[in-house]
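# Survey of secondary and tertiary structure
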Amino acid sequence: FFVRKMFLLLNLVTLLLLTSAFPIPSFLLKKPLKDKFYDAPSNLDSLSNGEVYDNRSVFDSIYIESILAKSEQVAYKTLDTQNQPSHSVVTVISPHHRASKPGIYSYQAFEDSANLDCSPSYFLAKDVRGWDTDVTIAIMTMLEKGHYVILPDHEGARSGFIAGHEEGHAGLDGIRAGINYLGLEKDTPVAIHGYSGGASATVW
């Protein structure tokens, strides 16, 4: 009887964790190619660039441990290289204590792969400790100062590596999505920074 009761309790806890009201632990995240969160919505054509159509919270061990911020994944509308409707995901990290006039720090990560499973939103949630120390320090510093940090999947839904126009659209629309999702003013200051493949996206 005790074993059965514990089994039912574990099932209930798992069900609660999988609902949108609770953050998803990183070990439960599917790879993007098998995760419907990364799929396009049926009404994509009717959305505005940067418009948010889905979101979810995820556990990010580094930030949770340092009690600096909460991490959320936000799906939004953007454009591809042919200016056709496309979509992507941006990771939005919110400080626990906002600055009086918070800004946004947009970091375009070193995604040097034409594979959706290499999306920054996925590997950031899985293990941020694998990141370059300078990048981690920059992110933590911005959060400590009370600013928001966003990391767009700048290669878009088809992982267009060094596809300039698509990366530019996904990056800028990721910033728009962050502003829309957070309910910030349109003139919120934005700083952009990128490294490697992310530097190319930042230039575009």
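Residues numbered from 1 in each chain as written. Predicted model: local features only at pLDDT ≥ 70, side-chain atom pairs only at ≥ 80, totals over all residues. Heavy atoms only, no water.

### As for the overall build of the chain
Counting its regular elements, the chain contains six helices and six strands. For the chain, the succession of helices and strands along the chain, N to C, is α-β-α-β-β-β-α-α-β-α-β-α. A separation of at least 24 residues holds for 71% of the contacts in the chain among residues at least 6 apart in sequence. As displayed, the chain has an accessible area near 10800 Å², and 58% of this comes from carbon and sulfur atoms. (Helix = DSSP H or I, 4+ residues; strand = E, 2+ residues; numbered from the N terminus. Contact = heavy atoms within 4.5 Å. Areas by Shrake-Rupley, 256 points an atom, 1.4 Å probe, with all protein chains shown as cover.)

### Thoughts on the packing of aromatic side chains
Applying the stated criterion across every chain, the model contains two aromatic pairs. Seen in terms of ring centroids, Phe 37 and Tyr 38 are 6.0 Å apart; in terms of plane orientation they differ by 85°. Their pairing is edge-to-face. The exposure classification of Phe 37 matches that of Tyr 38, with both residues buried. When the centroid spacing of 6.1 Å and the interplanar angle of 80° are considered together, the rings of Phe 110 and Tyr 195 count as edge-to-face. In this pair, Phe 110 sits in the loop between strand E4 (104–108) and helix H3 (120–126) while Tyr 195 sits in the loop between strand E6 (190–194) and helix H6 (197–203), placing the two residues 85 residues apart along the sequence. Above the face of the Phe 37 ring, Arg 56 is positioned so that its terminal group lies 4.2 Å from the ring centre. (Phe/Tyr/Trp six-rings, centres within 6.5 Å; stacked < 30°, edge-to-face > 60°. Buried < 20%, exposed > 50% of the residue type's maximum accessible area, 1.4 Å probe, protein only. Lys NZ or Arg CZ within 6 Å of the ring centre and 35° of its normal.)

### A word on the pattern of salt bridges
Tallied over the full model, the rule gives three salt bridges. Its salt-bridge partner being Arg 56, residue Asp 35 comes within 2.8 Å of it at the nearest N-O pair. With Asp 35 in the loop between helix H1 (2–18) and strand E1 (52–58) and Arg 56 in strand E1, this residue pair connects regions lying 21 residues apart in the sequence. The pair formed by Asp 35 and Arg 56 is uniform in burial state, with each residue classed as buried. (Salt bridge = Lys/Arg side-chain N within 4 Å of Asp/Glu carboxyl O.)

### Focus on the nonpolar core
Within soluble globular proteins, side chains that are nonpolar generally end up buried alongside one another. In this structure, Val 90, Val 92, Ile 104, Ile 150 and Leu 184 are the most contacted members of the largest nonpolar core, which totals 13 residues. Listed by contribution, the elements that provide at least two residues to this core are strand E2 (69–79), strand E3 (85–95), strand E5 (148–152) and helix H5 (164–182). If one sorts the elements of this core by residue count, H5 sits on top with five residues. With residues up to four places along the chain from it excluded, the contact list for Ile 150 reads Val 90, Thr 91, Val 92, Ile 104, Tyr 105, Ser 106, Tyr 107, Gly 174 and Ile 175. Core analysis: the next-biggest nonpolar cluster, separate from the first, contains 10 residues, Tyr 105, Tyr 107, Val 149 and Leu 151 among them. (Core = buried A, V, L, I, M, F, W, Y, C linked by side-chain atoms within 4.5 Å.)

### A few points about the environment of Tyr 181
For Tyr 181, the position within the fold is in helix H5. If sequence neighbours within four positions are ignored, Tyr 181 has contacts with Val 52, Asn 55, Glu 72 and Val 74. Engagement of the side chain of Tyr 181 in a polar contact is seen with the side chain of Glu 72, the distance being 2.6 Å. (Polar contact = N/O pair within 3.5 Å; in protein donor to acceptor, adjacent residues only side chain to side chain.)

### Some remarks on the environment of Pro 95
Structurally, Pro 95 can be placed in strand E3. For Pro 95, a relative accessible area of 8% corresponds to the buried category. A sequence separation of 54 residues divides Pro 95 from Val 149, and the C-alpha atoms of the two residues are 8.4 Å apart.

### Looking at the pairing of E3
Across the 11 residues that make up E3, a large majority, 10, are buried. Bridging between E3 and E5 involves four bridges; their strand directions are antiparallel. Looking at E5, one finds that Val 90 is bridged to Pro 152. (Pairing = 2+ DSSP bridges.)

### Considerations on the side chain of Ser 88
On the secondary structure map, Ser 88 appears in strand E3. A residue is classified by how much of its surface remains accessible, and Ser 88, at 4% relative accessible area, is buried. At a separation of 2.7 Å, a polar atom in the side chain of Ser 88 contacts the main-chain carbonyl oxygen of Asp 153. Apart from residues lying up to four places away in sequence, Ser 88 is in contact with Tyr 53, Val 74, Ala 75, Tyr 76, Thr 78, Asp 153 and Gly 156.

### Looking at unusual backbone geometry
Even without being a glycine, Asn 83 presents a positive backbone phi close to 60°. In this structure, Asn 83 sits in the loop between E2 and E3.

Scope: geometric values only; no functional claims are made or implied.
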